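The chain contents come next:
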Amino acid sequence: MGKTDSLAGHLRARARWRLDRVQRADDGWNARCALALLDAASYVHDLPEDDPLIVALEQAGCFGPYGVGDFQPGEAVAKLIDFWHSGEPWELLTAIPPVARGEAVPTRR
């Protein structure tokens, strides 16, 4: 499985998880998160393996220690993904590497 397939699959799985959540009075929060993640998964699926966004994820260690495994988000990256609810897909992909390296979680203006 390629990097883009692995990442897109992870994003789709997290979107399904969001859709399956039942929370009282979430005001559509889970649906917004799921839609944003599905949008990101579709975007990722169409990227080439050597796209700079994918290379940055690889360099940040998101595909295993040598960049040869499936997408493996650490705890902080998993949290970022699980709570992603708006923005362009490339913004999510750009936010992941600093979080994976343990840097501050980027804030949106």
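It should be noted that the structure appears before, not after, this text.
Residues numbered from 1 in each chain as written. Predicted model: local features only at pLDDT ≥ 70, side-chain atom pairs only at ≥ 80, totals over all residues. Heavy atoms only, no water.

### Observations regarding the side chain of Asn-30
Phase 1: Looking at the element boundaries, Asn-30 is found in helix α2 (residues 29-45).
Phase 2: Residue Asn-30 is classed as buried on the basis of its relative accessible area, which comes to 3%.
Phase 3: Setting aside its immediate chain neighbours within four residues, Asn-30 contacts Arg-18, Arg-21 and Gln-23. (Helix = DSSP H or I, 4+ residues; strand = E, 2+ residues; numbered from the N terminus. Buried < 20%, exposed > 50% of the residue type's maximum accessible area, 1.4 Å probe, protein only. Contact = heavy atoms within 4.5 Å.)

### A few points about the packing of aromatic side chains
Phase 1: Applying the stated criterion to the full structure yields 1 aromatic pair.
Phase 2: For the ring pair Phe-63 and Phe-71, a centre distance of 5.7 Å and an interplane angle of 65 degrees mean the geometry is edge-to-face.
Phase 3: Taking relative accessible area as the criterion, Phe-63 reaches 0% and is therefore assigned buried.
Phase 4: Residue placement shows Arg-18 over the ring face of Phe-83; its charged tip is 5.1 Å from the ring centre. (Phe/Tyr/Trp six-rings, centres within 6.5 Å; stacked < 30°, edge-to-face > 60°. Lys NZ or Arg CZ within 6 Å of the ring centre and 35° of its normal.)

### Let's talk about the nonpolar core
Side chains of a nonpolar character, in soluble globular proteins, are inclined to be buried together.
Phase 1: Leu-7, Leu-11, Leu-57, Ile-81, Leu-92, Leu-93 and Ile-96 are the most contacted members of the largest nonpolar core, which has 27 residues in total.
Phase 2: Taken together, the elements giving at least two residues each to this core come down to α1 (3-20), α2, α3 (52-59), α4 (75-82) and α5 (89-100).
Phase 3: For this core, the element with the highest residue contribution is α2, accounting for 6 residues.
Phase 4: Setting aside residues no more than four positions away along its own chain, Ile-96 makes contact with Leu-57, Cys-62, Val-77, Leu-80 and Ile-81. (Core = buried A, V, L, I, M, F, W, Y, C linked by side-chain atoms within 4.5 Å.)

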